[in-house]
Amino acid sequence: MPDVRMRFFASARAATGLDETTLSLPTGATIGDALSRLDAAPGQPLDRVLARCSFLVNAVATTDRAVTLGDGDLVDVMPPFAGG
């Protein structure tokens with residue numbers, strides 16, 4: 001099972017209640033699969049926040065939640081900044 005490290009920024013950090021986490025995912029798991037494993041912090045609308053996020057997978061930008069993740073990948077979850 002691949003281990004994927006995820007880091008959360010700004011409103012994504014507030015919604016998850018996490019700075020970062022490591023998830024053990026099945027082989028062939030995607031960004032979307034990883035996001036579905038997250039629990040929201042109490043009272044936070046996680047789905048609404050994540051719907052606006054883009055991602056950096058090993059420093060490569062994407063908005064495609066179908067990107068397959070591998071062992072040791074780093075995923076930065078980035079909400080829009082400065083109203084963007």
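Calculation notes
- Residues numbered from 1 in each chain as written.
- Predicted model: local features only at pLDDT ≥ 70, side-chain atom pairs only at ≥ 80, totals over all residues.
- Heavy atoms only, no water.
- Salt bridge = Lys/Arg side-chain N within 4 Å of Asp/Glu carboxyl O.
- Helix = DSSP H or I, 4+ residues; strand = E, 2+ residues; numbered from the N terminus.
- Buried < 20%, exposed > 50% of the residue type's maximum accessible area, 1.4 Å probe, protein only.
- Contact = heavy atoms within 4.5 Å.
- Pairing = 2+ DSSP bridges.
- Axes fitted to C-alpha atoms, helices over the stretch in contact; angles between N-to-C directions.

A. Focus on the pattern of salt bridges. Evaluated as defined, the whole model comprises 3 salt bridges. Glu20 is the partner of Arg5 in a salt bridge, and the nearest nitrogen-oxygen pair spans 3.0 Å. Of the two residues, Arg5 is situated in strand S1 (residues 3-8) and Glu20 in strand S2 (residues 20-24); the sequence distance between them amounts to 15 residues. Using a relative accessible area of 34% as the deciding quantity, one classes Arg5 as partly exposed. Across the salt bridge formed by Asp76 and Arg7, the nearest N and O atoms sit 2.7 Å from each other. Placement of the pair is Asp76 in strand S5 (residues 74-78) and Arg7 in strand S1, with a sequence separation of 69 residues. Residue Arg7 is classed as partly exposed on the basis of its relative accessible area, which comes to 26%.

B. Just the environment of Phe8, in detail. For Phe8, the position within the fold is in strand S1. Judged by its relative accessible area of 0%, Phe8 falls in the buried class. Beyond its immediate sequence surroundings of up to four residues, Phe8 is in contact with Arg13, Thr16, Leu18, Asp19, Glu20, Thr21, Leu38 and Val77.

C. A look at unusual backbone geometry. Unusually for a residue other than glycine, Asn58 sits at a positive phi of about 55°. Tracing the sequence through the fold places Asn58 in the loop between strand S3 (54-57) and strand S4 (60-62). Look at Asn58 and you get partly exposed, because its relative accessible area is 40%. For Ala59, which is not glycine, the phi torsion reads 75° and is therefore positive. Checked against the element boundaries, Ala59 lands in the loop between S3 and S4.

D. Seen up close, the sheet that holds S3. With mixed pairing, 5 strands are arranged side by side in an open sheet as S2-S1-S5-S3-S4. Both outer strands of the open sheet, S2 and S4, are each paired with one neighbouring strand and no more. Direction aside, the axes of adjacent strands within the sheet are offset by 25° on average. Note that S1 and S5 share 4 bridges and pair parallel. Pairing of Met6 across the sheet is with Val75, part of S5.

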